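Coordinates in review
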Amino acid sequence: MIPYPTATVFPPLPAGGLPLSDLQREVLALKQEKDAIILAHNYQCEDIQGIADFVGDSLGLAYKAAEAKNSTIVFCGVHFMAETALAALKAAQPDLYVVAYINCSAAVKALCDVIVTSGNASKIVNKVPADRPILFVPDQNLGQWVAKKTGRSMQLWPGNCYAHVQFTPAALLRAKAAHPGAPVVAHPECTEAVRDLADMVCSTELMVEWSRQQKADTLIVTTESGMIHRLRREVPNKTFVAAPTDRCACNECRFMKMNTLQKVRDCLKNGTPEITLPEAVRVAAEVPLRRMLEWSR
C-alpha cells in the first residue's frame, strides 16, 4: 500500500532572507538597463518573487500594471484560456450580466460586463444591477462562494481551477492531525467541502494579513504552494505548512511554474515574448477591466 504524502513544512526564513543568485543579479541589472518593472503573481517560483518589484494577487497586479510608468512591463503570471462558448450563451440570453474571473483571455474579457478577482468578487457582484441575471465564469467554486457571501443568485459556468480542486477533505484532515492546533486558511477556488474545514477562506492577498494576526506559530495554507514564498518573507515568525493533496506533499500549478528565472532574464534581454492584441479586442476588453478597477476602490 502506497502511503499518503505528508505535508511540506516551510520554517521561518533566516534573518536577512535568502541570498541573491548570480542569475538574479543579472536580471536586476537588466531591469535597470531596460527601464522595466517586474510584476509577479503570488504563485510564481521563489527566485522570481525574490527579484520582483511587486508580488501580489491578480487585483494588485492589475493596479500596478495600470499605474506603471516604465517603458517595459515584465508580467510573471500565466495565460489562462476560458470557454469560447460564452459568445453563444450571451446570444441566447442577451440580458445576462457576465462577471468574469480575471484569469481568462482578452477575447473572453471582451464579451464580459465586469472582471473580478478572488479578492474583490463579492464587492463587485454587490454592485451589479439587482434586476440583471448574473453569469459567473469560469470558476464555479469561486462563484459558489461569492453567491453565498452576497446572497445573489448566479448562473455558474461549469469550470474550475485544476490545482485547487486537487485538495480534498481527507488530505486536509491528515494535515490538521499532523499539526494539531494549526489554523487553516483556504482559497475560495477550493471545493466547498474543503472550504468548510478551513478557519478562514480568502484571497491570497488577505492571507498575508490573516497570517500576521494568528497567535499560532504554525499555519496550514490551502492554495498553490508558491504563495508560501511571499508569506515567509512578510510573516517571518511563522512556520507554514503547504496543504497536501492525496497525490503530492504540496500543490503546484504546472502552468504557473512554466515561468522560470531564466525566462525572465531572456525576456528582458530580447524583449520577447511581447503580448499584442487586435485593437478591437483590446478596446472591448479594457471596458470591464476599467470598471473593475473603479468599483474596487
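Right, let's walk through the structure included here. Predicted model only: the values in this text are computed from it and were never measured.

**Notes on the packing of helix H1 (residues 22–33) against helix H12 (residues 261–270)**
Look at H1 against H12: their axes get within 9 Å of each other, and the N-to-C directions meet at 25 degrees. Considering the angle they form, H1 stands roughly parallel to H12. Regarding H1 and H12, the two cross each other, and that crossing is left-handed. From H1, Leu23, Gln24, Glu26, Val27, Leu30 and Lys31 reach across to H12, where they touch Leu261, Gln262, Val264, Arg265, Leu268 and Lys269. By residue class, the composition of the contact of H1 with H12 is six nonpolar, two polar and four charged.

**Focus: the pairing of strand E12 (residues 239–242)**
What you see with E12 is no split at all: Thr239 and Val241 on one side and Phe240 and Ala242 on the other are buried throughout. The pairing of strand E1 (residues 8–10) with E12 spans three bridges and is classified as antiparallel. Within the sheet, the bridge partner assigned to Val9 lies in E12 and is Val241. Relative to E12, strand E11 (residues 218–222) runs parallel, the two sharing four bridges. Looking across to E12, one finds that Val221 is bridged to Ala242. In this fold, the crossover linking E11 to E12 by way of helix H11 (residues 227–234) has right-handed handedness.

**A look at the layout of surface pockets**
Size it by volume and the largest pocket reaches roughly 2200 Å³. Lining the largest pocket are 49 residues; nearest its centre among them are Ala65, Ile73, Phe75, Ile275 and Leu277. Contributions of two or more residues to the lining of the largest pocket are made by helix H3 (58–67), strand E4 (72–76), helix H5 (106–109), H12 and helix H13 (279–296). The dominant element in the lining of the largest pocket, judged by the number of residues it contributes, is H13, at seven residues. The residue makeup of the lining of the largest pocket, split by class, is 28 nonpolar, 14 polar and seven charged.

**Some details on the side chain of Thr204**
The topology assignment puts Thr204 in helix H10 (residues 204–213). Judged by relative accessible area, which is 3%, Thr204 ranks as buried. Side-chain polar atoms of Thr204 contact the side chain of Asn42, separated by 2.9 Å. With residues near it in sequence (within four places) discarded, Thr204 still touches Asn42, Tyr43, Asp57, His187, Thr223 and Met227.

**A look at the pairing of strand E2 (residues 36–41)**
Among the six residues that make up E2, six are buried, leaving the element largely enclosed by the rest of the structure. Residue alternation in E2 divides its side chains into two sets, Ala36, Ile38 and Ala40 and Ile37, Leu39 and His41, and both sets are buried. By the bridge criterion, five bridges tie E2 to E4 in an arrangement that is parallel. Along E4, the bridge assignment pairs Ala40 with Cys76. Relative to strand E3 (residues 54–56), E2 runs parallel, the two sharing three bridges. By the bridge assignment for E3, His41 is matched with Gly56.

**Some words on the pattern of salt bridges**
For the structure shown, the criterion picks out 15 salt bridges. A salt bridge links Asp22 to Arg25, with the shortest nitrogen-to-oxygen separation between them at 3.5 Å. Here Asp22 and its partner Arg25 are both found in helix H1, three residues apart, which amounts to about one turn of the helix. Asp22 gets classed as exposed once you look at its relative accessible area, which sits at 64%.

**Details of the environment of Pro188**
Mapped onto the elements of the fold, Pro188 is located in the loop between strand E9 (184–186) and helix H9 (192–195). In this structure Pro188 comes out as buried when scored by relative accessible area, which is 0%.

**Comments concerning the sheet that holds E9**
A sheet is described by the order of its strands in space; here five strands give the open sequence E1-E12-E11-E9-E10, paired in mixed fashion. Across the chains shown, the open sheet's two edge strands, defined by having one partner strand only, are E1 and strand E10 (200–201). In this sheet, E11 lies alongside E9 in parallel orientation, the contact comprising three bridges. When the sheet's bridge partners are listed, Ala186 is paired in E11 with Thr222.

Rules behind the numbers
Residues numbered from 1 in each chain as written. Predicted model: local features only at pLDDT ≥ 70, side-chain atom pairs only at ≥ 80, totals over all residues. Heavy atoms only, no water. Axes fitted to C-alpha atoms, helices over the stretch in contact; angles between N-to-C directions. Helix = DSSP H or I, 4+ residues; strand = E, 2+ residues; numbered from the N terminus. Parallel < 35°, antiparallel > 145°, perpendicular 65-115°, else oblique. Left-handed = near helix turned anticlockwise from the far one by under 90°. Contact = heavy atoms within 4.5 Å. Nonpolar A, V, L, I, M, F, W, Y, C, P; charged D, E, K, R; others polar. Buried < 20%, exposed > 50% of the residue type's maximum accessible area, 1.4 Å probe, protein only. Pairing = 2+ DSSP bridges. Right-handed = clockwise from strand over helix to strand, strands pointing away. 1 Å grid on protein atoms, 1.4 Å probe; cavity = no way out; pocket = protein on both sides within 12 Å on 5 of 7 lines; lining within 4 Å. Points joined across faces, edges and corners; volume = space filled by probe spheres on them. Polar contact = N/O pair within 3.5 Å; in protein donor to acceptor, adjacent residues only side chain to side chain. Salt bridge = Lys/Arg side-chain N within 4 Å of Asp/Glu carboxyl O.

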